[in-house]
Amino acid sequence: MKNRKIKIFSNQEKLAKYFSEILIKKISKNTSNYNLSIALAGGSTPKKIFKYMADNYSGKINWEKTNFFFGDERCVPPNDAESNFKMVDDILFSPLQIPTNNIFRVKGENDPANEAKNYSNVIKKNVRLKKEVPRFDIVMLGIGEDGHTASIFPNQIELFHSKNICEVATHPESGQKRISLTGTVISNAKLIVFIATGKNKSKIVSELLNENKDKSNNYPASLVSSKKGKLVWLLDTESASLLY
Ligand code: 6PG
């Protein structure tokens, strides 16, 4: 796959440092009057990255030129333990005192179908468009062991191809409703960064990156391709252990 880079780190701290430096470099190079737009990943993998940023960049960055969005969100209130917003707010936004005007959260407490439309409008209004499609500066993505990414699951892989900006998805096991960016927006980003760490991700990472086509095509994550942008995989030695 063209435009794809794979970087493997000996530990998660080094991966976190590398990701943080990508973001900081983009913020410092952004001399336009637009704010940098980043869609954050949820789940547990990004926690170390956000903690690294909070520990190392407090008071050093003008965050007013960065707009934070979410690649997906669970349909729960913002103070719910399941909320991706709560996770990022606890670890990153509050410690770094990111201005609330720069945080665009999915209102997980709202009706999912209404919120998918609402958040799509929020993105359309606040993210630069390219050919009428929002083009995030960075989209950060995790990967599930089943090959899902954002909240596009294998049993709803058609959502990836939706022309909408966001769709309502359903977690296949818990039935939890989610709001997710679609592949239309994800693949339009200037930079897509997949992050995967830990032994439990080694199998899915190998199936996606060793490109055994017969398997990987069924995974939503395998559909992510960068149109005229860049796609980077940040792995640790554990998640990369089955790559050849
Ligand atoms: C979410 C995520 C989801 C996550 C993967 C990996 O809301 O859960 O956005 O796509 O990135 O499920 O989750 P872990 O990082 O917890 O393994």
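Residues numbered from 1 in each chain as written. Predicted model: local features only at pLDDT ≥ 70, side-chain atom pairs only at ≥ 80, totals over all residues. Heavy atoms only, no water.

(A) Fine view of the overall build of the chain. The number of helices and strands found in the chain is seven helices and eleven strands. For 244 residues, the compact-globule estimate of 2.2 N^0.38 gives 18 Å, and the C-alpha radius of gyration of the chain, at 17 Å, lies within 12% of that figure. Along the first, second and third principal axes, the C-alpha set of the chain runs to 45 × 40 × 35 Å. Residue burial in the chain is summarised as follows: out of 244 residues, 54% are buried. (Helix = DSSP H or I, 4+ residues; strand = E, 2+ residues; numbered from the N terminus. Rg over C-alpha atoms; globule rule 2.2 N^0.38 Å. Buried < 20%, exposed > 50% of the residue type's maximum accessible area, 1.4 Å probe, protein only.)

(B) Local environment of the pairing of strand S10 (residues 191-196). For S10, a buried count of six out of six residues is recorded, marking the element as mostly surrounded by other parts of the structure. Covered by surrounding structure in S10 are Leu191, Val193 and Ile195 together with Ile192, Phe194 and Ala196, the residues of both alternating faces. Relative to S10, strand S7 (residues 138-141) runs parallel, the two being bridged by four bridges. Its bridge partner being in S10, Met140 is matched across the sheet by Val193. Both S10 and strand S11 (residues 230-236) contribute to a ladder of six bridges, which runs parallel. What sits directly across from Val193, in S11, is Val232. (Pairing = 2+ DSSP bridges.)

(C) Quick look at the pairing of strand S9 (residues 177-181). For S9, the buried fraction is high: four of the five residues fall into the buried class. As defined by bridge partners, strand S4 (residues 72-74) adjoins S9 across three bridges and the pair is classed as antiparallel. The residue of S9 that forms the bridge with Asp72 is Ser180. Across five bridges, the pairing between strand S8 (residues 166-170) and S9 is antiparallel. Each bridged residue has a counterpart across the sheet, and for Ala169 the counterpart in S9 is Arg178. Connecting the antiparallel pair S8 and S9 is a turn made up of six residues, with Gly175 showing a positive phi of about 75 degrees.

(D) Region of interest: the sheet that holds S9. With antiparallel pairing, the three strands of this open sheet are ordered in space as S4-S9-S8. At either margin of the open sheet sits one strand with a lone partner, and together these are S4 and S8. Strand-to-strand twist of the sheet, defined as the mean angle between neighbouring strand axes without regard to direction, takes the value 20 degrees. Contacts between helix H4 (residues 112-126) and the sheet are confined to S8 and S9, with S8 contributing the most and set at about 145 degrees to the helix. (Axes fitted to C-alpha atoms, helices over the stretch in contact; angles between N-to-C directions. Contact = heavy atoms within 4.5 Å.)

(E) Quick look at the pattern of salt bridges. Inspection of the entire model under this criterion finds nine salt bridges. Its salt-bridge partner being Glu21, residue Lys17 comes within 2.5 Å of it at the nearest N-O pair. Taken together, the residues Lys17 and Glu21, both in helix H1 (residues 12-29) and four residues apart, mark about one turn of the helix. Residue Glu21 is classed as partly exposed on the basis of its relative accessible area, which comes to 33%. (Salt bridge = Lys/Arg side-chain N within 4 Å of Asp/Glu carboxyl O.)

(F) Quick look at the sheet that holds S10. Across the sheet, six strands lie side by side as S1-S11-S10-S7-S2-S3; this open sheet has parallel pairing. In the strand order of this sheet, the two ends are held by strand S1 (4-9) and strand S3 (66-70), each with one partner. Put simply, the sheet's adjacent strands are angled 20 degrees from each other on average, direction ignored. Both strand S2 (residues 36-40) and S3 contribute to a ladder of five bridges, which runs parallel.

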